[in-house]
Amino acid sequence: MDVFIDLRSPYSYLAIQPARELAQRRGVTLDWWPFITDFQSAYGGEVEQRSPRDVAKLKYLYMDCRRLAKAQGLTIRATTKLWDATLASQAMLFAKSHDRLWEFCDPLLAAFWRREFDLASDDALGKVLAAAGLDTREWQAWRNSQAQSELASVLARAEQIGVFGAPTFVWQGELFWGGDRLPLLDSTLGQAPQPDSNPA
């Protein structure tokens, strides 16, 4: 099952652990991909450009996220600007290609949502990659040669599938958008035909 997450999306962050638990319970393998949401359009532009309605909507969003985070023992603090997730998304693909996705993403996301991590910093990302056991020289070489095209390919595929926000779960061509759709996805997986363990 493909899963698209935006590293700047609190709802993506909140969906990760429940999705892992669902996958383990249902015996499904999740294939995680970065997605970059158009937050400017969704939430009224940069912070100083937002209307009172957009501000109120965002205040509620983060209040809602803090309540959901508390139930998981997580911390979410509202971001102070619209971060550029391009470089971090490329680093996510690099870590994923070396089977170190969660060694990279887990500490990065925890720190980012405590407002302790610069998501657009090459130096900060390099340190997290190194801590995840990855070669930063290889990362820089990959970044300079393949990162842009690899991320563009992932985002183009997401658009082709119909992904418009994150998190989005794609099961047999059907989209489930948002962590609050996980119970519905769970029910759908429960109704899926099971492989015949005793074929004739």
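Overview of the structure. (Residues numbered from 1 in each chain as written. Predicted model: local features only at pLDDT ≥ 70, side-chain atom pairs only at ≥ 80, totals over all residues. Heavy atoms only, no water.)

### What to know about the pattern of salt bridges
Phase 1: What the rule picks out here adds up to 13 salt bridges.
Phase 2: Note that Lys 127 and Asp 123 form a salt bridge whose closest N and O atoms lie 3.4 Å from each other. With Lys 127 and Asp 123 both in helix H6 (residues 122–131) and 4 residues apart, this pair spans about one turn of that helix.
Phase 3: Assessed through its relative accessible area of 56%, Lys 127 is described here as exposed.
Phase 4: Among the salt bridges present, the one from Asp 180 reaches Arg 181, with a minimum N-O distance of 3.0 Å.
Phase 5: Using a relative accessible area of 56% as the deciding quantity, one classes Asp 180 as exposed.
Phase 6: Relative accessible area serves as the criterion here: at 38%, Arg 181 is assigned to the partly exposed category.
Phase 7: Salt bridges sharing partners connect three or more residues here, namely Arg 25, Arg 26 and Asp 186. (Salt bridge = Lys/Arg side-chain N within 4 Å of Asp/Glu carboxyl O. Helix = DSSP H or I, 4+ residues; strand = E, 2+ residues; numbered from the N terminus. Buried < 20%, exposed > 50% of the residue type's maximum accessible area, 1.4 Å probe, protein only.)

### Considering the nonpolar core
Phase 1: The biggest cluster of nonpolar side chains holds 65 residues, and the ones touching the most others in it are Trp 32, Phe 104, Phe 117, Leu 119 and Phe 169.
Phase 2: No other element matches the 9 residues that helix H5 (residues 101–112) contributes to this core.
Phase 3: Non-local contacts of Trp 32, meaning those with residues more than four positions away in its chain, are made with Val 3, Ile 5, Ile 16, Ala 19, Arg 20, Met 92, Lys 96, Leu 101 and Trp 102. (Core = buried A, V, L, I, M, F, W, Y, C linked by side-chain atoms within 4.5 Å. Contact = heavy atoms within 4.5 Å.)

### Here's the deal with the sheet that holds strand S4 (residues 174–177)
Phase 1: The strand order across the open sheet built from 4 strands is S2-S1-S3-S4, with neighbouring strands paired in mixed fashion. Looking at strand neighbours, the two that pair on one side only are strand S2 (31–34) and S4, the edges of this open sheet. Strand-to-strand twist in this sheet, taken as the mean axis angle between neighbours without regard to direction, amounts to 20°.
Phase 2: Bridge count between strand S3 (residues 168–171) and S4: 4 bridges; the pairing is antiparallel. Paired with Thr 168 across the two strands is Trp 177, which belongs to S4.
Phase 3: Of the strands in this sheet, strand S1 (2–5), S2 and S3 touch helix H1 (residues 10–26), which is tilted by about 170° from S2. (Pairing = 2+ DSSP bridges. Axes fitted to C-alpha atoms, helices over the stretch in contact; angles between N-to-C directions.)

### Regarding the packing of aromatic side chains
Aromatic ring pairs are reported here in terms of the distance separating the ring centres and the angle at which the planes meet.
Phase 1: According to the stated counting rule, one finds 9 aromatic pairs in the structure shown.
Phase 2: On the numbers, 6.3 Å between centres and 15° between planes, the contact of Tyr 13 with Trp 113 is stacked. Taken together, the positions of Tyr 13 in helix H1 and Trp 113 in the loop between H5 and H6 put the pair 100 residues apart, joining distant regions of the chain. The same class applies to Tyr 13 as to Trp 113, namely buried.
Phase 3: For the ring pair Phe 112 and Trp 113, a centre distance of 4.9 Å and an interplane angle of 75° mean the geometry is edge-to-face.
Phase 4: For Trp 113, a relative accessible area of 0% puts it in the buried group.
Phase 5: Taken together, Tyr 13, Tyr 62, Trp 83, Phe 112 and Trp 113 form an aromatic cluster joined through their ring pairs.
Phase 6: The ring of Trp 83 has Lys 81 sitting right over it, with the charged end atom 4.3 Å from the ring centre. (Phe/Tyr/Trp six-rings, centres within 6.5 Å; stacked < 30°, edge-to-face > 60°. Lys NZ or Arg CZ within 6 Å of the ring centre and 35° of its normal.)

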